[in-house]
Amino acid sequence: MTDDPRVRLLNRLYARKSKELKDIEKVKNVEVAEERMDKRLVDDLLSCINGGDAKKQVKRQFVTAHQLQQQQKNKKARQLDSLKSPQGGYHPTPPPPLTEYEIERAIRV
């Protein structure tokens, strides 16, 4: 190799850093292996494998864009119907009472 002290220092620094990086990778690999361990009970795993009723996942229904638009349109129509019907709780507010000035103006005309 070369006898240049700068090159030797750089090589030592490179070797030290690469060793540190390898040690860090080893630690990460060990942590990942520990995290992947399944901590569920054996009974739960067996019931899942055998198709037991334990915590079944609900399958979502596929909805197309057209179906979604139709659902939104129907929802808006239902909301308008509920506002229009007396059962829906829509009560138009009466106009505010007339003031004396407004009554006098109405009489004069």
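Residues numbered from 1 in each chain as written. Predicted model: local features only at pLDDT ≥ 70, side-chain atom pairs only at ≥ 80, totals over all residues. Heavy atoms only, no water.

Each helix and strand counted, the protein chain has 4 helices and 0 strands in total. Each helix and strand of the protein chain, placed in order from N terminus to C terminus, yields the pattern α-α-α-α. Within the protein chain, the fraction of its 109 residues that count as buried is 0%. A total accessible area of about 11,700 Å² is found for the protein chain, and carbon and sulfur atoms account for 58% of it. (Helix = DSSP H or I, 4+ residues; strand = E, 2+ residues; numbered from the N terminus. Buried < 20%, exposed > 50% of the residue type's maximum accessible area, 1.4 Å probe, protein only. Areas by Shrake-Rupley, 256 points an atom, 1.4 Å probe, with all protein chains shown as cover.)

Now for the confidence of the model for the protein chain. Per-residue confidence for the protein chain gives a mean pLDDT of 78, with 73% of residues at or over 70. Per-element mean pLDDT across the protein chain ranges from 79 in helix α2 (residues 42-49) up to 86 in helix α1 (residues 5-35). (pLDDT = per-residue confidence, 0-100.)

To continue, consider the pattern of salt bridges. The full count for this structure, using the stated rule, is 3 salt bridges. For Lys17, the salt bridge is made with Glu20, and the minimal N-O distance between the two is 3.9 Å. Here Lys17 pairs with Glu20, and both are found in helix α1, just 3 residues apart, close to one helical turn. A salt bridge links Arg108 to Glu104, with the nearest nitrogen and oxygen atoms 3.9 Å apart. Taken together, the positions of Arg108 and Glu104, both in helix α4 (residues 100-108) and 4 residues apart, correspond to about one turn of that helix. Among the residues examined, Glu104 registers a relative accessible area of 41% and is labelled partly exposed. (Salt bridge = Lys/Arg side-chain N within 4 Å of Asp/Glu carboxyl O.)

Below, the discussion takes up α2. Of all the 8 residues making up α2, 0 are buried; the element is thus mostly uncovered. Just beyond α2, the residue with positive phi is Gly51, at close to 80°.

Once that is clear, we can look at a nonpolar patch on the surface. A surface patch of nonpolar side chains, about 320 Å² in accessible area, is lined by Val42, Leu46 and Ile49. Mapped onto the secondary structure, Leu46 falls in helix α2. Of the residues examined, Leu46 reaches a relative accessible area of 43% and is grouped as partly exposed. (Patch = residues over 30% accessible without salt bridge, like charges linked within 9 Å, V, L, I, M, F, W, Y side chains within 5 Å.)

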